[in-house]
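This is what each chain is made of:
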Amino acid sequence: DYVLISPLGIEDEKDKVDILVKVTERKSITLDVQAGFDSDDLATAQVILTKRNLFQSAKQISLKGIVGFETNRAEINYFSPHFFANGWNFLAQGFAQSVDDESLKATSYGGFVGILKNFGSQWAVLFKTGVTDVNLDEAETSADEENLFDSTFFETSINLTLDTRNNFADPTRGLYISATNELDLDLNDPSNNFNISKLNMATYIGDRNFTFINQLRLGSIYRIQANPRVPAQKLFYLGGSTSLRGFEEDAIKEDGGKNLILYTAEAQFRLFGSFKVAGFFDTGSLEDTIQNVSADSFRESAGIGLRYITPIGPIKLDYAFVLDPQDGEEKSRLHFSFGTFF
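Residues numbered from 1 in each chain as written. Predicted model: local features only at pLDDT ≥ 70, side-chain atom pairs only at ≥ 80, totals over all residues. Heavy atoms only, no water.

### What to know about the overall build of the protein
The following threshold applies: For the purposes of this entry, the term helix denotes a DSSP run of H or I that reaches at least four residues, the term strand denotes a run of E that reaches at least two, and both are numbered from the N terminus. Using a 1.4 Å probe on the protein chains alone, a residue whose accessible area is under 20% of its type maximum counts as buried, one over 50% counts as exposed, and one in between counts as partly exposed. In short, Shrake-Rupley with a 1.4 Å probe defines the accessible areas, and a residue's cover is counted only from the protein chains shown. Positive: Lys, Arg. Negative: Asp, Glu. His and the chain ends are not part of the count. Charge placement uses NZ in Lys and CZ in Arg. For Asp and Glu, CG and CD serve respectively.
Along its length, the protein carries zero helices and 20 strands. C-alpha atoms of the protein, sized along the principal axes, occupy 80 × 50 × 35 Å. Counting the 342 residues in the protein, one finds 37% classified as buried. Per element, the accessible surface of the protein, about 18,900 Å² overall, is 57% carbon and sulfur. One finds the centroid of the 31 positive side-chain charges in the protein at a distance of 9 Å from the centroid of its 48 negative side-chain charges.

### Section: the packing of aromatic side chains
Here is the rule we go by: For this analysis, a ring pair means two rings from Phe, Tyr or Trp (six-membered ring only for Trp) whose centres lie within 6.5 Å, classed as stacked if their planes differ by under 30 degrees, edge-to-face if by over 60, and tilted for the remaining angles. Only when the NZ of Lys or the CZ of Arg is both within 6 Å of the ring centre and within 35 degrees of the ring normal is a charge said to sit over the ring.
Under the definition given, this model contains 13 aromatic pairs. An aromatic cluster is present here, built from F37, F336 and F338 joined pairwise through their rings. Stacked on the ring of F149, the Lys or Arg R229 has its end atom at 4.0 Å from the ring centre.

### Some points on the pairing of strand β12 (residues 193-206)
Going by this rule: Paired strands, in this sense, are two strands between which DSSP finds at least two bridges.
Inspection of the sheet shows strand β11 (residues 174-186) paired to β12 by twelve bridges, in the antiparallel sense. Bridged to L175 within β12 is T203. Connecting β11 to the next strand, β12, in antiparallel fashion are six residues. Sheet topology places β12 next to strand β13 (residues 210-223); 13 bridges connect them, and they run antiparallel.

### Focus: unusual backbone geometry
Located in the positive-phi region is F55, a residue other than glycine, with phi close to 60°. Secondary-structure assignment places F55 in the loop between β4 (42-54) and β5 (59-68). The backbone of Q56 sits at a positive phi, close to 60°, despite the residue not being glycine.

### Describing the environment of G240
Note the following rule: The contact rule is simple, with two residues in contact once any of their heavy atoms fall within 4.5 Å.
Note on placement: G240 falls in the loop between β14 (236-238) and β15 (252-257). In this structure, the C-alpha to C-alpha distance between G240 and R333, residues 93 residues apart in sequence, is 9.2 Å. Discounting chain neighbours no more than four positions away, the residues touching G240 are D40, R245, F247, E248, E249 and H335.

### What to know about the nonpolar core
Keep this limit in mind: We call a set of buried Ala, Val, Leu, Ile, Met, Phe, Trp, Tyr and Cys residues a nonpolar core when their side-chain atoms join them within 4.5 Å.
L136, I221, A232 and L238 are the most contacted members of the largest nonpolar core, which has 23 residues in total. Examining the composition of this core, we find that three residues originate from one element, β14, more than from any other. Non-local contacts of A232, meaning those with residues more than four positions away in its chain, are made with L104, L136, T141, A143, N147, L148 and Y237.

### So, the side chain of S62
Relative to the helices and strands, S62 resides in strand β5. The buried category is assigned to S62, whose relative accessible area is 11%. Leaving out residues up to four positions away in the same chain, S62 has contacts with I48, L49, T50, E75, I76 and N77.

### Concerning the pairing of strand β3 (residues 29-38)
Note that β3 and β4 share ten bridges and pair antiparallel. Opposite D38, over in β4, you have L42 as the bridge partner. Here β3 folds back onto β4, and the loop between the two strands holds three residues. One ladder, built from two bridges, connects β3 with strand β20 (residues 332-338); its direction is antiparallel. Paired with F37 across the bridge in β20 is F338.

### A few points about the side chain of R52
The line we're drawing: Salt bridge, as used here: a side-chain nitrogen of Lys or Arg that lies within 4 Å of a carboxyl oxygen of Asp or Glu. Pairs of N or O atoms within 3.5 Å make up the polar contacts considered here, provided that, within protein, one atom can donate a hydrogen while the other can accept it, and that residues adjacent in sequence are counted only when both atoms are side-chain atoms.
Structurally, R52 is set in strand β4. This buried residue, R52, is left without a salt bridge; D1 holds the nearest opposite charge, at 7.7 Å. Looking at R52, its side chain comes within polar contact range of the side chain of T30, at 3.0 Å. With residues near it in sequence (within four places) discarded, R52 still touches R26, K27, S28, T30, K59 and Q60.

### Some words on the pattern of salt bridges
Under the defined criterion, the tally for this structure stands at 18 salt bridges. For the salt bridge of E155 with K234, the shortest nitrogen-to-oxygen distance reads 2.8 Å. Remark: K234 occurs in the loop between β13 and β14 and E155 occurs in strand β10 (residues 151-163); sequence separation between them is 79 residues. Here R245 and D318 are joined by a salt bridge, their closest N and O atoms 3.2 Å apart. With R245 in the loop between β14 and β15 and D318 in strand β19 (residues 313-322), the pair connects residues that are 73 residues apart, well separated along the chain. Since its relative accessible area comes to 5%, R245 is described here as buried. Salt bridges sharing partners connect three or more residues here, namely R245, E266, D282, R307 and D318.

### What to know about the environment of Y237
On the secondary structure map, Y237 appears in strand β14. Between the C-alpha atoms of Y237 and N72, which are 165 residues apart in sequence, the distance is 20 Å. Residues within four places of Y237 in sequence aside, it is in contact with S103, S142, A232, D250, E254, D255, G256 and L286. Within the local environment of Y237, its side chain forms a polar contact with the backbone oxygen of A232, the two atoms lying 3.1 Å apart.

Encoded structure:
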């Protein structure tokens with residue numbers, strides 16, 4: 001859990017200084033309870049029961065339950081460190097989930113196995129493969145008819161992460177990059193295969209009192225064989241407190257899209273203590289093809305926000321204005337959220 005190192009004899013200027021090392025082990029069984037709220041996703045609670053030192057070794061197993069207005073999920077996770085040579089770790093997961101949000105209503109279940117390797121404190125790579133079965137509620141899901149079908153996919157992905165941020169909860173300097181490539185094979189239709197690539201990148205420049213943040217999110221779904229059918233749960237959606245602020249959740253192209261571009265610039269000023277004020281600009285585009293992405297396909301918003309920094313992340317209050325409102329759209333929107341465990 002933690003190590004406390006205390007030198008003995010420095011104050012007395014002794015020739016030899018003893019070192020007292022106090023090691024506190026993590027509890028073998030722990031119960032972790034968290035809660036979060038978002039003005040789009042509403043309230044969510046998470047409970048994790050973990051058993052460590054499994055089989056009198058460093059292996060562990062955990063049960064996780066997530067309950068919310070839009071998402072309910074149950075997981076069982078197994079983790080075995082140093083499963084392979086040179087620090088490769090083994091992990092496995094089984095899950096069942098139901099989602100009922102603005103654009104998607106579905107139930108799913110499946111399982112994954114993977115290997116994880118940390119290269120120092122900044123780099124990590126994850127290989128994962130598994131099967132997911134999804135049952136869509138077609139009447140309650142916003143997507144084109146070709147994307148509305150039940151599916152069972154064999155998914156294989158690789159994720160590479162670089163994190164040089166100086167603080168998880170309140171970064172003021174550093175770089176964060178997460179790149180993922182996922183191959184999806186339809187077990188019900190062997191000819192229906194496609195690839196999903198995602199890139200999330202953020203840079204932090206500043207100090208304790210002022211920080212400028214650039215964030216870029218890219219996503220693309222492209223075919224491996226001709227005319228793939230992409231189920232609604234695999235599509236990208238845009239709009240809301242975690243993407244394009246000022247808009248309702250998933251309001252940009254409600255049927256979803258295969259190509260996503262989202263950019264955010266945010267300047268944060270520390271008021272006092274853990275309180276910050278922020279000014280931000282968001283712009284994004286969501287289209288079915290790269291050819292449809294143009295200057296006219298981007299939507300923009302800007303606004304101001306208040307942050308209260310906690311050890312697990314910020315409590316955020318944002319008020320955003322739509323810079324290019326269209327007929328029938330709200331011109332501004334208030335977003336409030338806390339909790340960052342998703």
